[in-house]
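# Summary of the model geometry
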Amino acid sequence: MLDQKEGKVQNRRPEQPVWLDALINQELIEQERLRTLSASNAGILFIDESRIQLNENSLAVIGEMKENQIKKTFKAGVVVLQGDVLAHLSSLGGQKEFTITA
C-alpha cells in the first residue's frame, strides 16, 4: 500500500490508460506503476513491513507479491524504471525473498 506521499505522486493500474493521483493508504496491485514527479516522494509498505521509498522523478512497477501464512514465506519484487529508491527490508521471522531490479 502507499503509506506515505509528499508532493505529486501518481499511479496507473495495468488496465488504465491514464495516470491518476495516488492516495494515502491506497492498495497497490501487481504490475501497477507508481511515479513521483519533481520535488515529490512516496513510501510503499509491504505486507511483511518492508518499505520502499521512491525519491523525486522516479518510476517503479510493483512486481510479484505473494504471501503464504502457513509456510511463513513472503515474496515481492519491484522494478525501478527511473530514479532512485531506498529499501528498508523487514527482519520479521519467516522465509523472505525481496527483489529490486533497476
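Throughout what follows, the structure given in this document is the object of discussion. (Residues numbered from 1 in each chain as written. Predicted model: local features only at pLDDT ≥ 70, side-chain atom pairs only at ≥ 80, totals over all residues. Heavy atoms only, no water.)

## A short note on the overall build of the protein chain
Scanning the protein chain for helices and strands turns up zero helices and 10 strands. In sequence order, the protein chain lays out its α and β elements as β-β-β-β-β-β-β-β-β-β. Taken over the C-alpha trace, the protein chain has a radius of gyration of 13 Å; the compact-globule value for 102 residues is 13 Å, and the two agree within 12%. Taken along its principal axes, the extent of the C-alpha atoms in the protein chain is 40 × 25 × 25 Å. Among the 102 residues that make up the protein chain, the fraction classed as buried is 33%. Sequence-distant contacts, at least 24 apart, represent 44% of the contacts inside the protein chain between residues at least 6 apart. Working note: accessible area of the protein chain is about 6,100 Å², and carbon and sulfur atoms make up 50% of it. Averaging the positions of the 12 positive and the 14 negative side-chain charges in the protein chain gives two centres separated by 3 Å. (Helix = DSSP H or I, 4+ residues; strand = E, 2+ residues; numbered from the N terminus. Rg over C-alpha atoms; globule rule 2.2 N^0.38 Å. Buried < 20%, exposed > 50% of the residue type's maximum accessible area, 1.4 Å probe, protein only. Contact = heavy atoms within 4.5 Å. Areas by Shrake-Rupley, 256 points an atom, 1.4 Å probe, with all protein chains shown as cover. Lys, Arg positive; Asp, Glu negative; His and termini not counted. Charge placed at Lys NZ, Arg CZ, Asp CG, Glu CD.)

## What about the nonpolar core?
L2, V9, L34, I44, F46, V78 and F98 are the most contacted members of the largest nonpolar core, which totals 17 residues. The contact partners of L2, leaving out residues within four places of it in the chain, are V9, A22, L23, I24, N25, Q26, L28, L34, A42 and G43. (Core = buried A, V, L, I, M, F, W, Y, C linked by side-chain atoms within 4.5 Å.)

## Let's talk about the pattern of salt bridges
This structure, assessed with the given rule, holds three salt bridges. The salt bridge involving D3 is made with R51; its shortest N-O contact spans 2.1 Å. Taken together, the residues D3 in strand β1 (residues 2–6) and R51 in strand β6 (residues 51–54) connect sequence positions 48 residues apart. Residue R51 is classed as partly exposed on the basis of its relative accessible area of 36%. (Salt bridge = Lys/Arg side-chain N within 4 Å of Asp/Glu carboxyl O.)

## With respect to the pairing of strand β5 (residues 41–45)
Counting buried positions along β5 gives five out of five residues, so the element sits mostly inside the fold. Neither face of β5 is open: one carries N41, G43 and L45, the other A42 and I44, and all of them are buried. Bridge analysis of β1 against β5 gives four bridges, and the strand direction is antiparallel. The partner of E6 across the bridge, within β5, is N41. Across four bridges, β5 lies against β6 in antiparallel orientation. The residue of β6 that forms the bridge with A42 is L54. (Pairing = 2+ DSSP bridges.)

## Some remarks on the side chain of Q26
Relative to the elements of secondary structure, Q26 occurs in the loop between β3 (20–21) and β4 (33–36). A relative accessible area of 15% places Q26 in the buried class. A distance of 2.8 Å separates a polar atom in the side chain of Q26 from the backbone nitrogen of L23. (Polar contact = N/O pair within 3.5 Å; in protein donor to acceptor, adjacent residues only side chain to side chain.)

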